[in-house]
Amino acid sequence: SYWIDTYAQVALTGRPVRFENQAQSSGRWFEGYATRLGDADSRKVALLFTDVTVRKENEARLRRLAADLSEVDRRKTEFLAVLAHELRNPLAPIRSGLDILKLSGGDPRMVERMRDMMDRQVTHMVRLVDDLLEVSRISRGVIELQRRRLDLAAVVADAVEGSRPSIEQGQHRLELSMPPEPVYVEGDAM
């Protein structure tokens, strides 16, 4: 066994040994010090034991707490990165809407369309900021979905509207193929 082998090495070599091991019979942890007593011909070994079970349990508890804190921190960082990205998305169409309003010459239809779009984007941003302010949700990793019946065409139209400035800036071409009849889904529009 570990204990007997350790004592034998000390008795034979004369080199003292410090060790930490768990006693299988009791499950308790011991820190030990073994040293040879007497001259080189002596096979007597002196042992000093300290029960370190509580310390080992505390160390294990601290490791678990550190792992839990690390996971909470990872979730918080991930949440904030997603939230920052989501906060940027509505800003581009709002900025574009303001530019269009400047160039529209007061066209009532254009003003109404831009106002509606900007209102939707600001509502989206307010919801995201509300999520940010509820710090306890970050630590729990909970983001509350506001599920309801949605017309998928309206969700896609809002997503395209929010992405249009990036699409135009990148000189991309977007093609949509939507079914003629409404498609409803249960989900969160944001």
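This text goes with the structure placed above it.
Predicted model only: the values in this text are computed from it and were never measured.

Q: Any chance you could break down unusual backbone geometry for me, citing the residues and the numbers?
A: Phi is positive for Gln171, which is not a glycine, with a value near 55°. If you trace the backbone, Gln171 turns up in the loop between α5 (152-169) and β5 (184-187). For Gln171, a relative accessible area of 73% corresponds to the exposed category.

Q: Give a detailed account of the sheet that holds strand β3 (residues 44-51), specifying residues and quantitative values.
A: Strand order across the open sheet formed by three strands is β1-β2-β3, with antiparallel pairing between neighbours. In this open sheet, the two strands that pair with only one neighbour each are β1 (17-22) and β3. The mean angle between the axes of side-by-side strands here comes to 25°, regardless of whether they run parallel or antiparallel. Across the sheet, helix α1 (residues 2-13) is in contact with β1, β2 (29-37) and β3; its angle to β1 comes to roughly 175°. Helix α2 (residues 53-103) rests against β1, β2 and β3 of the sheet, and its axis sits at about 130° to β2.

Q: Account for the packing of α2 against α5, with residues named and values stated.
A: Look at α2 against α5: their axes get within 8 Å of each other, and the N-to-C directions meet at 75°. It follows from the interaxial angle that α2 and α5 lie roughly perpendicular. Of the residues in α5, those touching α2 at Asn89, Ala92, Pro93 and Ser96 are Glu161, Gly162 and Pro165.

Quick notes on the rules
Residues numbered from 1 in each chain as written. Predicted model: local features only at pLDDT ≥ 70, side-chain atom pairs only at ≥ 80, totals over all residues. Heavy atoms only, no water. Helix = DSSP H or I, 4+ residues; strand = E, 2+ residues; numbered from the N terminus. Buried < 20%, exposed > 50% of the residue type's maximum accessible area, 1.4 Å probe, protein only. Pairing = 2+ DSSP bridges. Axes fitted to C-alpha atoms, helices over the stretch in contact; angles between N-to-C directions. Contact = heavy atoms within 4.5 Å. Parallel < 35°, antiparallel > 145°, perpendicular 65-115°, else oblique.

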